[in-house]
Amino acid sequence: MANLFPNINWMDLIFATGETLYMTLVALVGTLILGTILGLLIYLSAPGNLWDNKVIYSITAGVVNIFRAIPFIILIFLILPLTVFLFGTFRGPTAALPALILGSAPFYGRLVEIALREVDHGVIEAAKAMGAKSSTIIFKVLLKESLPALVSGLTVTAIALIGYTAVAGSIGAGGLGDYAYFYGFTRRNMDIVYICTLLIVIIVFVFQFIGDIVTKKIDKR
Amino acid sequence: MIVIEQLSKIFKTNHQEFKAVDNMSLKIEKGEIFGVIGYSGAGKSTFIRLINRLEEPTSGTVEIEGQNVTGLSKHDLRIKRQEIGMIFQHFNLLWSRTVEENIAFPLEIAGVSKGESAKRVQELIDLVGLTGKEKNYPSQLSGGQKQRVGIARALANNPKVLLCDEATSALDPETTDAILGLLVDINEKLGLTIILITHEMHVIQKICHNVAVMESGRIVEQGSVLDVFSYPKMPVTKKFVEQVMGKPDDELTDDLLLEHISDGHILKLQFVKETANQAIISEVAKKYEVDVNIIQGNIKQTQEGAYGSLYVQMTGELTAVEDALQFIRSTSVDVEVISHG
């Protein structure tokens, strides 16, 4: 092992993996909440839908489109002042969270909106005919009926997030990207780059695997 | 009773106005099955949605049991809707819920307690004949079973009115009959008023008491099913009646009859709302010394009895034939002698 990867400090590697998982999971929770809210707002305020409202629709759809248009590496720099204001530094995994969430929530928001659009209009009409409140329609019909699509969307988003954490690593966010870049690439220790790549691929596969199983389990169509 | 007055729905597109429902007025008695028939685009789907305000009327009023639905606030409308069941062409079940969870949904909305809800759900499952399917998901059911879930769900909060939006149009003929049978059953058992819209005349013929024919957003003809069947006035109504009775041309003309059958009397028996004398042929043959030969007939069963006509050839001694005719005339069946042999 030591011959194959001469430059690797195994404790550092484990620590970096932990940081990557920490950033991914916390940012994923933030993305889930913010993205679901954004997706719901776009869907509900769209013409002909439950809260048909041009102003809210234009604003949310506009914000989502703008944030999705900004490349992630640039987004990190753009919100540096916010990060510093919140955490006093822009270094470390926690400081990377705002950028990660702002980068992926609009993406997930779109996926949520697409998933909601797939919900059969007739089912919503049936719920209205039963005298359901808007909140009942949102939580018990819209979100429940689109759950498999929401979960598979979240899987896709999680994998994109793992990639984002590696990008954030290049400006010192910590994690496997950081380790591969500063200890591997800049010092010409390619074995570190290889092992970090391998670990990231494994993490992605695990996320995909879990996502597929959950989607399959809840899909009763 | 449901009173609909001058109900209109106008859809506005960029530069055009489209009157989907145009100044409709109707009275529907409590406990009746009322059918609205029309071709697609006639406005019947919009009409039924105006009743529970899934579509907001442009003008006019809908009154259910003395309460003006069109004047209700959003909150009151939600409560009122719990008294108006609705079933749909494509069932509109929640695929993420089992049969029993689907039926429990309107009870959750109405805030019924868990224990009470479970009891009610079981009653409904038994009522619609889905016992044993409680834990199944909609994807595991046939179309007819899905509609049974739809019906059970619509009945959960003991509604006074059931709206049926093309409820059998997606089903095969056999399943259609079973679902129509179930609707008649619950209409009789629960005294529920049923309003159904359809483009299939046999649905009207089988279960409705009264019918309105819609064309271009208006009611062009209405009355009891038998009256509309017996004396259709408008061309569109005649077309619908032909759907079940066949075209008038399909019946033998008198000339043709005479050409082929030369002996005996040829009689045309007309049945309207007939319930008592459906066995008249065998009765005549037993009572009198005559032979009765059925030439052609077309009899349909409706909610109010049999309707249609029957051509028969009657042979025998003249006095016996006269007596038999006398007897038929004494019943409620109309008889017309087309030829004497």
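Residues numbered from 1 in each chain as written. Chains lettered and ligands numbered in written order. Predicted model: local features only at pLDDT ≥ 70, side-chain atom pairs only at ≥ 80, totals over all residues. Heavy atoms only, no water.

The name recorded for chain B in an unreviewed UniProt entry is Methionine import ATP-binding protein MetN, from Halolactibacillus alkaliphilus. In UniProt, chain B has this text filed under Sequence similarities (unreviewed entry): "Belongs to the ABC transporter superfamily." (UniProt positions renumbered as here; feature names shortened; annotations may be inferred.)

Where an unreviewed UniProt entry is consulted, chain A appears under the name Methionine import system permease protein MetP, with the organism given as Halolactibacillus alkaliphilus. Here is the UniProt Subcellular location (unreviewed entry) comment for chain A, exactly as written: "Cell membrane".

Looking only at helices and strands, one finds 12 helices and 14 strands in chain B. Taken along its principal axes, the extent of the C-alpha atoms in chain B is 75 × 55 × 35 Å. Considering chain B as a whole, with its 341 residues, one finds that 51% of them fall into the buried category. The long-range share in chain B, meaning contacts at least 24 apart out of those at least 6 apart in sequence, stands at 70%. Mean positive and mean negative side-chain charge positions of chain B (35 and 47 charges, respectively) differ by 11 Å. (Helix = DSSP H or I, 4+ residues; strand = E, 2+ residues; numbered from the N terminus. Buried < 20%, exposed > 50% of the residue type's maximum accessible area, 1.4 Å probe, protein only. Contact = heavy atoms within 4.5 Å. Lys, Arg positive; Asp, Glu negative; His and termini not counted. Charge placed at Lys NZ, Arg CZ, Asp CG, Glu CD.)

Moving on: the UniProt feature "domain: ABC transporter" (unreviewed entry) in chain B. In the numbering used here, UniProt assigns the "domain: ABC transporter" (unreviewed entry) feature to residues 5-241 of chain B. This span, residues 5-241 of chain B, is 39% helix and 26% strand, and a straight line between its end C-alpha atoms measures 27 Å.

Despite not being glycine, Glu65 of chain B has its phi angle at roughly 50 degrees, a positive value. Of note, Glu65 of chain B is situated in the loop between strand S4 (59-64) and strand S5 (67-68).

With that out of the way, let us pick up the interface of chain B and chain A. At the junction of the two partners, chain B supplies 22 residues and chain A supplies 22 residues. Residue Arg49 of chain B pairs with Glu125 of chain A through a salt bridge whose shortest N-O separation is 2.7 Å. Between the two partners, chain B and chain A, sit 7 residue pairs in polar contact (both at pLDDT 80 or more). Mapped by element, the contributors of at least two residues to the side of chain B that touches chain A are helix H2 (74-81), strand S6 (84-88) and helix H3 (99-109) of chain B. It is H3 of chain B that contributes the most residues to the side of chain B that touches chain A, 4 residues altogether. Considered class by class, the residues forming the side of chain B that touches chain A number 11 nonpolar, 5 polar and 6 charged. (Salt bridge = Lys/Arg side-chain N within 4 Å of Asp/Glu carboxyl O. Polar contact = N/O pair within 3.5 Å; in protein donor to acceptor, adjacent residues only side chain to side chain. Nonpolar A, V, L, I, M, F, W, Y, C, P; charged D, E, K, R; others polar.)

Take the UniProt feature "domain: ABC transmembrane type-1" (unreviewed entry) in chain A next. The residues that UniProt annotates with the feature "domain: ABC transmembrane type-1" (unreviewed entry) are residues 17-211 of chain A. Taken as a whole, residues 17-211 of chain A contains 83% helix and 0% strand, while its terminal C-alpha atoms sit 20 Å from one another.

This paragraph deals with the sheet that holds strand S2 (residues 17-28) of chain B. Sheet strands line up and pair through hydrogen bonds in the backbone, either parallel or antiparallel. Residue and element names in this part refer to chain B. Ordered in space as S2-S1-S4-S5, the 4 strands form an open sheet in which the pairing is antiparallel. Strand pairing shows two members of the sheet lacking a second neighbour, S2 and S5, which therefore form its edges. Bridge count between strand S1 (residues 2-12) and S4: 5 bridges; the pairing is antiparallel. Looking at S4, one finds that Ser8 is bridged to Ser59. (Pairing = 2+ DSSP bridges.)

Before going further, it helps to spend a moment on the packing of aromatic side chains. The full count for this structure, using the stated rule, is 7 aromatic pairs over all chains. Plain terms: the ring middles of Tyr181 of chain A and Phe185 of chain A are 6.0 Å apart, the flat faces sit at 15 degrees to each other, and that makes the pair stacked. Placement of the pair is Tyr181 of chain A and Phe185 of chain A together in helix H9 (residues 175-185), with a separation of 4 residues, close to one helical turn. Taken together, a centroid distance of 5.9 Å and an interplanar angle of 45 degrees make the contact between Tyr288 of chain B and Phe327 of chain B tilted. (Phe/Tyr/Trp six-rings, centres within 6.5 Å; stacked < 30°, edge-to-face > 60°.)

The next subject is the domain arrangement of chain B. All names here are of chain B. If you check the domain split of chain B, you get domain 1 (2-245) and domain 2 (251-339). Taking only C-alpha atoms into account, the centre of domain 1 sits 40 Å from that of domain 2. Contact with domain 1, which involves 13 residues of that partner, is made by 10 residues of domain 2. Of the roughly 1,100 Å² buried between domain 1 and domain 2 on both sides combined, carbon and sulfur atoms contribute 56%. The three residues of domain 1 that bury the most area against domain 2 are Gln205, Leu226 and Met245, which together make up 54% of that side's buried surface. Across the contact surface, domain 1 and domain 2 share 0 salt bridges. Here domain 1 and domain 2 share 3 residue pairs in polar contact (both at pLDDT 80 or more) between them. Counting residues per element, the side of domain 1 that touches domain 2 draws most heavily on helix H8 (residues 225-230), which supplies 4 residues. A breakdown of the residues in the side of domain 1 that touches domain 2 according to their chemical character gives 8 nonpolar, 4 polar and 1 charged. (Domains from an automatic or database assignment. Buried area = accessible area lost by both parts, 1.4 Å probe.)

Turning next to the side chain of Arg49 of chain B. When you line up the elements, Arg49 of chain B lands in helix H1 (residues 44-51). Overall, the relative accessible area of 11% leaves Arg49 of chain B in the buried class. Within the structure, the side chain of Arg49 of chain B is placed 2.7 Å from the side chain of Glu125 of chain A, a separation counted as a polar contact. Here Asp165 of chain B takes part through its side chain, which lies 2.8 Å from a polar atom of the side chain of Arg49 of chain B. Apart from residues lying up to four places away in sequence, Arg49 of chain B is in contact with Glu125 of chain A together with Leu54, Glu55, Met86, Phe88 and Asp165 of chain B.

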